[in-house]
Amino acid sequence: MFLQINNLNKHFPTKQGNLVVLKDIDMAIEQGEFICAVGASGSGKSTLLRQIAGLDSPTSGEVRIDNELVTGPGPDRGMVFQHYTLYPWMSVQANTEFGLKLQGVPKKQRREQASYYLNVVGLTKFAKSLPKELSGGMKQRVAIARALASEPKVLLMDEPFGALDIHTKESMHEFILDLWRRTNVTIFMITHDVEEAVFLSNRIYALGARPGTVRKEMSIHLPERSHTVKRHSIFHDYRDELMELMRRHGQEAVAAVA
Ligand SMILES: Nc1ncnc2c1ncn2[C@@H]1O[C@H](COP(=O)(O)OP(=O)(O)OP(=O)(O)O)[C@@H](O)[C@H]1O
Ligand SMILES: [Mg+2]
């Protein structure tokens, strides 16, 4: 097993007492999978991703990558966030090289590696541009190139397309599927968008809220991954099942707080 989350719990101390955000999370992910964790706002998705990224540590339980215990951030994990995180004063090329620079990769090598991944995301022509000269979708492609430039074992993405309009989002979906097929990188993406999760992933973990728990694990088998598949009854069945699950859990969570 490539990425393992074993009995992970995360609590935050608050003025109201101990807040249990993630409870008994178990996940087992193979190399090359495209996993989506889907859940409502507040279900602890970003918190979960931060534990995998090593930006925060679990209250109990563990995350393992290739059997190695995660104890902090590392180049084996590339991270893409929802909000644009490019440095506005740096060119696209410099932004893409940035992580490699931090790792002490020599100039020539980091230039080559960054250029390679800018080409993978189709932005070679914009290498000298500043982020403000790019559209939202292009900025996210740079963020993906930057994450890939360190050649991570897993790409972690926190609602990466959440801020994009529907058309840009659809073209980013095709882009990320194509990139996944070409690079065979393992992708762990979180989203609250059920259709996005069904369209992109080969397996979904549906999270319930308060506390965040895995409510269901669902393998997705679609006859094809093109936009016409969204009219297919199989696509609707997956979507409706997940929507119903989230609706039910939303009602339970509201009842628990009331
Ligand atoms: N550092 C922290 N201290 C206290 N509580 C926190 C902290 N970080 C997150 N939380 C709480 O944990 C819960 C889950 O937050 P998280 O951001 O992981 O949810 P999410 O599923 O990513 O939501 P969204 O879809 O809105 O991004 C929330 O109730 C939040 O207030
Ligand atoms: Mg979040």
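Residues numbered from 1 in each chain as written. Chains lettered and ligands numbered in written order. Predicted model: local features only at pLDDT ≥ 70, side-chain atom pairs only at ≥ 80, totals over all residues. Heavy atoms only, no water.

Take the sheet that holds strand β6 (residues 77–80) next. Here six strands make up an open sheet; going across it, the order is β6-β7-β8-β3-β9-β10 and the pairing mixed. Edge positions in the sheet fall to β6 and β10 (213–219), since each has one partner strand and no second. Ignoring which end each strand starts from, the neighbouring axes of this sheet average 20° apart. For strand β3 (residues 34–38) and strand β8 (residues 186–191), the ladder comprises five bridges, and the chain directions are parallel. (Pairing = 2+ DSSP bridges. Helix = DSSP H or I, 4+ residues; strand = E, 2+ residues; numbered from the N terminus. Axes fitted to C-alpha atoms, helices over the stretch in contact; angles between N-to-C directions.)

In this section: the site of ligand 1. Taken together, F12, L19, V21, A40, S41, G42, S43, G44, K45, S46, T47 and E159 make up all the residues around ligand 1. Between ligand 1 and the protein, one listed contact pairs an oxygen atom with a backbone N or O atom of S43 at 3.2 Å. Between ligand 1 and G44, the relevant distance is 3.1 Å, taken from an oxygen atom to a main-chain nitrogen or oxygen of the residue. Relative to its unbound accessible area of 640 Å², ligand 1 is 58% covered by the protein chains. Ranked by residues supplied to the shell around ligand 1, first place goes to helix α1 (residues 45–53) with three residues. Partitioning the shell around ligand 1 into residue classes produces four nonpolar, six polar and two charged. (Near = heavy atom within 4 Å. Polar contact = N/O pair within 3.5 Å; in protein donor to acceptor, adjacent residues only side chain to side chain. Areas by Shrake-Rupley, 256 points an atom, 1.4 Å probe, with all protein chains shown as cover. Nonpolar A, V, L, I, M, F, W, Y, C, P; charged D, E, K, R; others polar.)

The subject of this paragraph is unusual backbone geometry. Between R210 and P211 the backbone carries a cis peptide bond, its omega angle lying at -10°. Along the chain, the position of P211 falls in the loop between β9 (203–208) and β10.

Glancing now at the pattern of salt bridges. This model, assessed by the stated rule, comprises 18 salt bridges. Between E97 and R110 there is a salt bridge, with the nearest N and O atoms lying 3.2 Å from each other. With E97 in helix α2 (residues 92–102) and R110 in helix α3 (residues 107–120), this pair connects stretches of sequence that are 13 residues apart. Its relative accessible area of 12% is what places R110 among the buried residues. Close ionic contact of D193 with K169 constitutes a salt bridge, the shortest N to O distance being 2.8 Å. (Salt bridge = Lys/Arg side-chain N within 4 Å of Asp/Glu carboxyl O. Buried < 20%, exposed > 50% of the residue type's maximum accessible area, 1.4 Å probe, protein only.)

What follows deals with the packing of aromatic side chains. All chains considered together, the criterion is met by four aromatic pairs. Note on Y116 and Y117: the rings are 4.9 Å apart at their centroids and 85° apart in plane angle, and the pair reads as edge-to-face. Put simply, the rings of Y87, W89 and F98 pair up and form one aromatic cluster. Stacked on the ring of F175, the Lys or Arg R141 has its end atom at 5.8 Å from the ring centre. One residue, K230, lies across the ring of F199, its end atom 4.6 Å from the ring centre. (Phe/Tyr/Trp six-rings, centres within 6.5 Å; stacked < 30°, edge-to-face > 60°. Lys NZ or Arg CZ within 6 Å of the ring centre and 35° of its normal.)

Glancing now at helix α5 (residues 166–183). For α5, spanning 18 residues, the distance from its first C-alpha to its last is 25 Å, which sits close to the expected 26 Å at 1.5 Å a residue. For α5, the full list of buried residues reads K169, M172, H173, F175, I176, L177, L179 and W180. As for α5, its buried residues are in contact with β3, α3, α4 (136–149), β7 (154–158), β8 and α6 (194–200). Of the residues flanking the start of α5, the one acting as N-cap is D165, its side-chain oxygen 3.0 Å from the backbone nitrogen of H167. A positive backbone phi angle near 60° is found at N184, which sits one or two residues after α5. (Expected span 1.5 Å × (residues − 1). Contact = heavy atoms within 4.5 Å.)

Honestly, that's just the spatial picture; any functional story needs more than this.
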